[in-house]
Amino acid sequence: MPATDFSQSEYDARLTKTRSAMATQGIETLIVADPSNMAWLTGYDGWSFYVPQVVIVPSSGTPLWWGRTQDKAGAAQTTWIGDDNLFDWPEEHVQHPDHHPYDALVTLLRERGWTRALGVEMDNYYYSAASHRILETAFGRDAIADATGLVNWQRAVKSVAELAMMRKAGQLTAHMHATLREGFREGRPKNELVAEVQAAGVAGLPGLAGDYPAIAPIAPSGLEASASHITWNDRPLVRGEATYFEVSGCYHRYHCPASRTLFLGEVPADIRRAEEAVLQAIEDTFAAARPGVACEEVAACVYDSFARAGYVKANRTGYPIGLSYPPDWGERTMSLRPGDTTPLQENMTFHLMPGLWTPDWGVAITESFVVTPDGAQPLADIPRALVVKS
């Protein structure tokens, strides 16, 4: 039996939701290239997304897995799909200059009669221009519709089983931050600390093993922290600098990211002011994030808190999270920002990002949360205050 993480009834429900969305968009056959969506629909798990692979969802019947020959055994072990619905493309076409795997996909689609009303995830990391050109040449532009985000939106409201996965990821995240607080000290090369934190996330806790996260640790210090997505280097940690770490535990591909800021020495007044604004923004957001409240209303809690402290924030303040593969642990649907009127629903999950970046430093204290009737509930238990070491 395949080693899937959820009951067949849950996978059936996911497939039903997806097909309903397909019907609304007039799509008869959906070609899913995003590995997160492939896993959500079928359970497929493997580091094989660097080559073409898809799950094909017809309007009825069992979906098909299609990928590299070498990865077919992995599909048999990790999906609920039977062997009769696992298909591969020729191994000799791996990164071949004259042959493309999608030529084989065209043949498979033609054999099944799936040549019209096709949906593809056009704006996706894993669907290339060459892949699209081959499908368009074979079936014509009018036969292909943009299904970007179709499956992603079905993933927005988490099941009870998914929330359990995310809370376990949150335990791993808390463990990583505890390791960080213990190992943060003056003079220590940052790469050594990052290695220790990453090892903690993978080694996990008793009975709770970790997996690789979809994003590498973000760990800038001082002036580096004025940029939001710098990873790490071998420079020793020094006094007078703020360092923020954005990391996530990962449990069966589910994530629970969280950022915390650490400081060596006496904290300047402007950074303390920023900390107070961020902490208040989190409290205000958690009180407001209830079912029916629009994403932009939640975001306003952050912008208003910052404005009262004299800061202006121009970027979004959060995004949905869940099951993910590199290079991103976001679900790429709604955003907590002005203009997004999507209403929250119970059991949606977000990474709240009330970070502040100035020309000289950055402060980030973030939380992953689930929407409940009583407001947002954090998915990890991590002290929020600035960590200060003398």
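Data block above holds the structure.
Residues numbered from 1 in each chain as written. Predicted model: local features only at pLDDT ≥ 70, side-chain atom pairs only at ≥ 80, totals over all residues. Heavy atoms only, no water.

Participant: Now, about the pattern of salt bridges: what can you tell me, with residues and values included?
Facilitator: In total, this model carries 20 salt bridges according to the counting rule given. Put simply, E224 and R235 hold a salt bridge, and the shortest N to O gap is 3.4 Å. On the criterion of sequence distance, the pair formed by E224 in the loop between α8 (190–203) and β7 (242–251) and R235 in the loop between α8 and β7 is long-range, its members being eleven residues apart. Residues participating in the shared-partner salt-bridge network are K190, E224, R235 and E241. (Salt bridge = Lys/Arg side-chain N within 4 Å of Asp/Glu carboxyl O. Helix = DSSP H or I, 4+ residues; strand = E, 2+ residues; numbered from the N terminus.)

Participant: Help me get a handle on helix α4 (residues 101–112), residues and values and all.
Facilitator: Compared with an ideal rise of 1.5 Å per residue, which puts twelve residues at 16 Å, α4 spans 17 Å between its outermost C-alpha atoms and is within 8% of the ideal. When we look at burial in α4, the residues that qualify are P101, Y102, L105, V106, L108 and L109. Relative to the axis of α4, the buried residues are bounded by an arc of 165° and lie together on one face. Lining the buried residues of α4 we find β1 (29–32), β2 (54–58), β3 (64–68), β4 (86–89) and α5 (129–139). Where α4 ends, the next residue or the one after it, G113, has phi of about 80°, a positive value. (Expected span 1.5 Å × (residues − 1). Buried < 20%, exposed > 50% of the residue type's maximum accessible area, 1.4 Å probe, protein only. Arc of directions from axis to C-beta. Contact = heavy atoms within 4.5 Å.)

Participant: I'd like a rundown of the packing of aromatic side chains, residues and numbers included.
Facilitator: Each aromatic ring pair is specified by the distance between its two centres and by the angle formed by the two planes. Taken as a whole, this structure holds 15 aromatic pairs when the rule is applied. Here W47 and F49 contribute two aromatic rings whose centre-to-centre distance is 4.8 Å and whose plane-to-plane angle is 50°, an arrangement assigned as tilted. The buried category is assigned to F49, whose relative accessible area is 14%. Through pairs of rings, three or more aromatic residues link up here, namely W47, F49, Y125, Y126, Y212 and Y325. In this structure, R14 packs its charged tip against the face of Y11, placed 5.1 Å from the ring centre. R253 extends its terminal NZ or CZ atom over the ring of Y212, reaching a point 4.0 Å from the ring centre. (Phe/Tyr/Trp six-rings, centres within 6.5 Å; stacked < 30°, edge-to-face > 60°. Lys NZ or Arg CZ within 6 Å of the ring centre and 35° of its normal.)

Participant: Lay out the sheet that holds β1 in plain terms, naming residues and giving numbers.
Facilitator: Here we have six strands laid out as an open sheet, ordered β4-β3-β2-β1-β5-β6, and mixed in their pairing. Taken across any chain shown, the strands that pair with only one partner, and hence form the sheet edges, are β4 and β6 (144–146). The average undirected angle you get between the axes of adjacent strands in this sheet is 25°. Sheet analysis places β3 next to β4, joined by four bridges and oriented parallel. The partner of W66 across the bridge, within β4, is F87. Against the sheet, helix α1 (residues 8–24) contacts β1 and β2, and its axis sits at roughly 70° relative to β2. Along the sheet face, helix α2 (residues 35–42) touches β1, β2 and β3 and points at about 55° away from the line of β2. (Pairing = 2+ DSSP bridges. Axes fitted to C-alpha atoms, helices over the stretch in contact; angles between N-to-C directions.)

Participant: I'd like to hear about the environment of Y50, residue by residue, with values.
Facilitator: Examined against the element boundaries, Y50 turns out to sit in the loop between α2 and β2. Setting aside chain neighbours within four positions, we find Y50 in contact with R68 and Q95. Looking at Y50, its side chain comes within polar contact range of the side chain of R68, at 2.9 Å. (Polar contact = N/O pair within 3.5 Å; in protein donor to acceptor, adjacent residues only side chain to side chain.)

Participant: Kindly report on the sheet that holds strand β8 (residues 254–264), identifying the contributing residues and their values.
Facilitator: Where strands meet in a sheet, backbone hydrogen bonds hold them as pairs that are either parallel or antiparallel. Strand order across the open sheet formed by three strands is β7-β8-β15, with mixed pairing between neighbours. Only two strands of the sheet have a single neighbouring strand rather than two, namely β7 and β15 (387–389). Neighbour-to-neighbour, the strand axes of the sheet open up by a mean angle of 30°, direction not taken into account. Bridge count between β7 and β8: ten bridges; the pairing is antiparallel. Looking at the pairing, C250 lines up with H255 of β8.

Participant: Give me the side chain of H177: which residues, what numbers.
Facilitator: Examined against the element boundaries, H177 turns out to sit in helix α7 (residues 160–183). Among the residues examined, H177 registers a relative accessible area of 1% and is labelled buried. Dropping the residues within four chain positions of it, H177 is found in contact with F245, V247, A258, S259, R260 and I382.

Nothing here speaks to function; it is geometry throughout.
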